[in-house]
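Reading the structure
If you want the building blocks of each chain, they are given just below.
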Amino acid sequence: MTTQTPLPTQPKPVPAPSPLPPTTEPLEPASAELTLDALPLLDHHACERTIAPPLALRGQYLALRDDDDTRLLRLASDITHLGRGASADVRFDEHRVSRDHAILVRHGRYCRLLDNRSANGTFVNGRRIVATTIYSGDEISLGPVVLDYLEVE
């Protein structure tokens, strides 16, 4: 039986460090300036339930705009799902709105808006929210789609 002695190994040459690539500057979000009116994106069934502002009775509404035209959609139930999916109570035909984007929950005279883990975020008056109480006149953004919350008294 013969024993082999290990051959001396040469250290492997270490490649010279390559210069680091230049740092990439963060991009400004393109959707920050792009906002879309909600009324033209509203699905047909919800659009049929909208009314002109002078016809609004006392209650809580979503105000949907299309240029100079504004229509009100009454919040009839205590829980309203907003999104793009077929199960949403208020559907928007916009690919940047998640299927189940946000939830409006009414507690008596108060209304809470909850983001439902949406991809493009839910904003109230320009600030991203997870959950917040909303008040009459607040602007709600579901991604790029903009609408208002109104209380008629």
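Attention now moves to the nonpolar core. If you look at the biggest cluster of nonpolar residues, it comprises 25 residues, and the most contacted ones within it are Phe 92, Leu 113 and Leu 147. Broken down by secondary-structure element, the contributors of at least two residues to this core are strand S2 (59-66), strand S6 (102-107), strand S7 (110-115), strand S11 (139-142) and strand S12 (145-152). With three residues, the single largest contributor to this core is S12. Residues within four places of Leu 113 in sequence aside, it is in contact with Leu 82, Ala 102, Ile 103, Leu 104, Thr 122, Val 124, Ile 129, Val 130, Ala 131, Thr 132, Ile 134 and Ile 140.

This paragraph deals with the confidence of the model for the chain. On average, residues of the chain score 86 in pLDDT, and 78% of them reach the 70 mark or higher. Contacts of residues 21-32 to residues separated by more than four positions or lying in other chains number zero contacts, the stretch itself having pLDDT below 50.

A sheet is described by the order of its strands in space; here five strands give the open sequence S5-S4-S6-S7-S10, paired in mixed fashion. If you trace the sheet from one side to the other, it starts and ends with strand S5 (90-91) and strand S10 (131-134), each paired once. Direction of pairing for S7 relative to S10: antiparallel, over a ladder of four bridges. Note that in S10 the partner of Leu 114 across the bridge is Ala 131.

Moving on, we come to the pairing of S2. The element S2 is extensively covered by neighbouring structure, given that six of its eight residues are classed as buried. Pairing analysis gives five bridges linking S2 to S12, with the strands arranged antiparallel. Across the sheet, residue Tyr 61 finds its bridge partner in S12, namely Leu 150. In terms of strand pairing, S2 meets strand S3 (residues 69-74) through six bridges, oriented antiparallel. Bridge pairing in S3 places Leu 62 opposite Leu 73. Counting the residues in the hairpin turn of S2 and S3 gives two residues, including Asp 67, whose phi is positive at 55 degrees.

What counts, and at which threshold
In this numbering scheme, every chain counts its residues from 1 along its sequence in written order. pLDDT decides what is reported in this predicted model: residues at 70 or higher carry local features, side-chain atom pairs at 80 or more are listed and counted, and totals for whole chains, interfaces and linings draw on all residues regardless. Calculated side-chain values reflect all of the structure's heavy atoms, with hydrogen atoms and water omitted. Take the buried residues of types Ala, Val, Leu, Ile, Met, Phe, Trp, Tyr and Cys, join any two whose side-chain atoms come within 4.5 Å, and each joined set is a nonpolar core. Partly exposed residues are those whose accessible area sits between 20% and 50% of the maximum for their type, while under 20% is buried and over 50% is exposed, using a 1.4 Å probe and protein chains only. Helix and strand definitions here come from DSSP, where helices need a minimum of 4 consecutive H or I residues and strands a minimum of 2 consecutive E residues; each element is numbered from the N-terminal end. In what follows, a contact means two residues having at least one pair of non-hydrogen atoms within 4.5 Å. Per residue, pLDDT measures the predictor's confidence, with a range of 0 to 100. When DSSP locates at least two bridges between a pair of strands, those strands are taken to pair.

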